[in-house]
Amino acid sequence: MLRESDLIDKKIRAASYLVMLVFGMANGSIGPLLVPIADSFKLRIAEVGYPVVLNSMGFFSAGIFISFVWRVYRARFLLTFFSLFFLFSLLSMVFLHNSMEVILPLLFFIGLSGGVLHGSTNSLFSEVFVNSRARYLSILLMFFGLGAVVGPLLVGIVLTYTVRWYLVYLFFGIITFPLPLFFGRRKLYRNIKSYVMKKDSNCLREKPVTSFLFWVIILANFLAIGVQVAFYSWMPFFLAKERSLSPAVASYSVSVFWLSIIGGRALFARFFHKSDLYHSLILGTGGAALFFVLSFISDRMILTVLFLIFSGLFFSFVSPGLRALGGNIFSKHIGFLTGVITASGSFGSMFLPWLVGQISQKIGVSGGVLIIPVFSGAIAIILAKLRYFSGVKA
């Protein structure tokens, strides 16, 4: 009898990890590329954020799309088609970079196609790895984190030697080239198509949208991704303005945070993936809230770096853990669940950083950023209440 780890061909798994790596690199590179893009096109300050907005809109649209169209037997078509679309969009940036009116739609399509690949691989892993969702989703998202670290470093290298910022997308396109070749091979899906998912005694048979549990998980994910993006987006600005660090040094806080997230996901996948999901999520969000606060109030750089590391370690499991929790409870609706979780997370990533900015405008940055740990603690409370009242095991 095939083990779960044998149900997905190793080449599909490798390609899925590559998807997450490349999309993480592309996603993480947008922020560092804003300066050269703004300089190239002489953008006004109000226009500088447009590339991020369009890319996020594409990712949000991908979540909605996946929630309605995903079925495991469509995996080959979706993964092959959108890997080609992703490749085309990346390479088009290289050849059509002279017009801002073209760049913005291309960034939307990069967010859309990358988001569909992101959601599809998450759904595929969730449907196949029934008994070890938390472990394999942690490994999958670990590669996204690795890409988020490598992408900005690559941007720095390119901009050190040339002003041709668009060459970054040429590199992304080159390493994306094998994806449609891997995903398009029919025989790689033989085991998946013949696999009948095991019945889960904890699975709810009702439709997700009629379940209170579903909406609580969506709310928790909305807050979680919003907290994550707000923290690594505002921390460099906070360190530069409130701790008088140079922008270059302050930007390293993002790398420290993402490296600790990668390490945390690797540790969880190796040692803690069999632990109770509720306990892990409550501990993760509660512990992260504490270290978020300490990161903002510490006036010693060594301690700040240490608190940043612990913030990433504790928060590392939250995103894959919420996906695994939803998959365990609604295992008959994986595609819909993954799509809505993706959409809610992308909406949170737009809303909470904006909210921090609005509050900071009124009470100052040092006070505004404290809303981040407040929301992280709120997730812990929400999940604790959910576990107590739901009676559903995870």
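Starting afresh in each chain, residues are numbered from 1 along the sequence in its written order. With pLDDT at 70 or above as the cut-off, local features in this predicted model cover only qualifying residues; side-chain atom pairs require 80 or more to be listed or tallied, and sums for whole chains, interfaces and linings still use all residues. Where side-chain values are given, they derive from all heavy atoms of the structure, hydrogens and water being excluded.

## Here we look at the overall build of the protein
Rule in force here: Strands here are runs of E lasting at least two residues and helices are runs of H or I lasting at least four, both read from the DSSP assignment and numbered beginning at the N terminus. Under the scheme applied here, a residue whose accessible area is under 20% of the maximum for its type counts as buried, over 50% as exposed, and between as partly exposed, the area being computed with a 1.4 Å probe on protein chains only. Contact criterion: two residues are considered in contact whenever any of their non-hydrogen atoms come within 4.5 Å of each other.
Each helix and strand in the protein was counted, giving 18 helices and 0 strands. Of all 394 residues assigned to the protein, the portion counted as buried reaches 55%. For the protein, contacts bridging at least 24 residues in sequence account for 83% of all contacts bridging at least 6.

## Some remarks on the environment of Arg185
Along the chain, Arg185 turns up in the loop between helix 9 (178-183) and helix 10 (190-194). For Arg185, a relative accessible area of 29% gives the class partly exposed. Contact partners of Arg185, with chain neighbours within four places excluded, come to Lys11 and Arg76.

## What about the packing of helix 6 (residues 100-128) against helix 16 (residues 334-363)?
Formally: A fitted line through C-alpha atoms represents every axis, and for helices the fit uses only the stretch in contact; the resulting angles, taken between N-to-C directions, go from 0 to 180 degrees. Orientation labels follow simple angle bins: below 35 degrees gives roughly parallel, above 145 gives roughly antiparallel, 65 to 115 gives roughly perpendicular, and whatever is left gives oblique. Left-handed describes a crossing whose near helix is turned anticlockwise from the far helix through less than a right angle; right-handed describes the clockwise counterpart. Classes in brief: Ala, Val, Leu, Ile, Met, Phe, Trp, Tyr, Cys and Pro nonpolar; Asp, Glu, Lys and Arg charged; the others, Gly included, polar.
Interaxial distance between helix 6 and helix 16 falls to 9 Å at its minimum, and their mutual angle equals 140 degrees. Between helix 6 and helix 16, the crossing angle belongs to the class labelled oblique. Viewed along their axes, helix 6 and helix 16 form a crossing whose handedness is right-handed. In contact with Gly119, Asn122, Ser123, Ser126 and Glu127 of helix 6, helix 16 contributes Ile334, Gly335 and Thr338. The residue makeup of the contact of helix 6 with helix 16, split by class, is 1 nonpolar, 6 polar and 1 charged.

## Details of the side chain of Ser120
Here Ser120 is to be found in helix 6. Residues within four places of Ser120 in sequence aside, it is in contact with Ile66, Trp70, Leu78 and Leu79.

## Some thoughts on a nonpolar patch on the surface
Cut-off, in case you're wondering: Like-charged residues are merged into a patch within 9 Å and nonpolar side chains (Val, Leu, Ile, Met, Phe, Trp, Tyr) within 5 Å, provided each residue has over 30% relative accessible area and no salt bridge. A 1.4 Å probe and the Shrake-Rupley method give the accessible areas. Residues count as covered only by the protein chains that appear here. For this document, the term salt bridge refers to a Lys or Arg side-chain nitrogen within 4 Å of an Asp or Glu carboxyl oxygen.
Residues Leu267, Phe271, Met301, Leu303, Val305, Leu306, Ile309, Phe310 and Leu313 make up a contiguous nonpolar surface patch of roughly 690 Å² in combined accessible area. For the nonpolar patch, the secondary-structure elements that each account for two or more residues are helix 12 (247-272) and helix 14 (301-315). At 7 residues, the largest contribution of residues to the nonpolar patch is made by helix 14. Within the secondary structure, Leu303 sits in helix 14.

## A closer look at the side chain of Ser126
Along the chain, the position of Ser126 falls in helix 6. The exposure class assigned to Ser126 is buried, which follows from its relative accessible area of 3%. The residues touching Ser126, leaving out its near neighbours within four places in the chain, are Arg133, Leu137 and Ile334.

## Digging into the nonpolar core
Put simply, the rule is: Only buried Ala, Val, Leu, Ile, Met, Phe, Trp, Tyr and Cys residues count toward a nonpolar core, and they belong to the same one when joined by side-chain atoms within 4.5 Å.
Residues Tyr169 and Phe172 are the most contacted members of the largest nonpolar core, which totals 116 residues. In terms of residue count, helix 11 (residues 212-242) provides more of this core than any other element does, 19 residues in total. Dropping the residues within four chain positions of it, Phe172 is found in contact with Val22, Met25, Ala26, Ser29, Leu90 and Leu154.

## Quick word on the packing of helix 2 (residues 10-41) against helix 4 (residues 50-69)
Helix 4 packs onto helix 2 with a crossing angle of 160 degrees between their chain directions and a minimal axis gap of 9 Å. With respect to helix 4, the axis of helix 2 lies roughly antiparallel. The hand of the helix 2/helix 4 crossing is left-handed. On the side of helix 2, the interface is formed by Phe23, Asn27, Ile30 and Leu34, while helix 4 contributes Pro51, Val52, Asn55 and Phe59.

## Quick notes on the confidence of the model for the protein
Condition: A score between 0 and 100, pLDDT records how confident the predictor is in each residue.
Mean pLDDT over the protein: 82, with 89% of residues reaching 70 or higher. Taken element by element, the protein is modelled with least confidence in helix 1 (residues 4-7), mean pLDDT 56, and with most confidence in helix 14, mean pLDDT 92. Taken together, the stretch residues 196-202 has pLDDT below 50 and engages in 12 contacts with residues farther than four places along the chain or on a different chain.

## Considerations on the environment of Phe23
Relative to the helices and strands, Phe23 resides in helix 2. Put simply, Phe23 and Ala148 are 125 residues apart on the chain and 8.3 Å apart in space, counted from C-alpha to C-alpha. With near-sequence residues (within four places) excluded, Phe23 lies in contact with Phe59, Phe86, Ile110, Gly111, Gly114, Gly115, His118 and Phe144.

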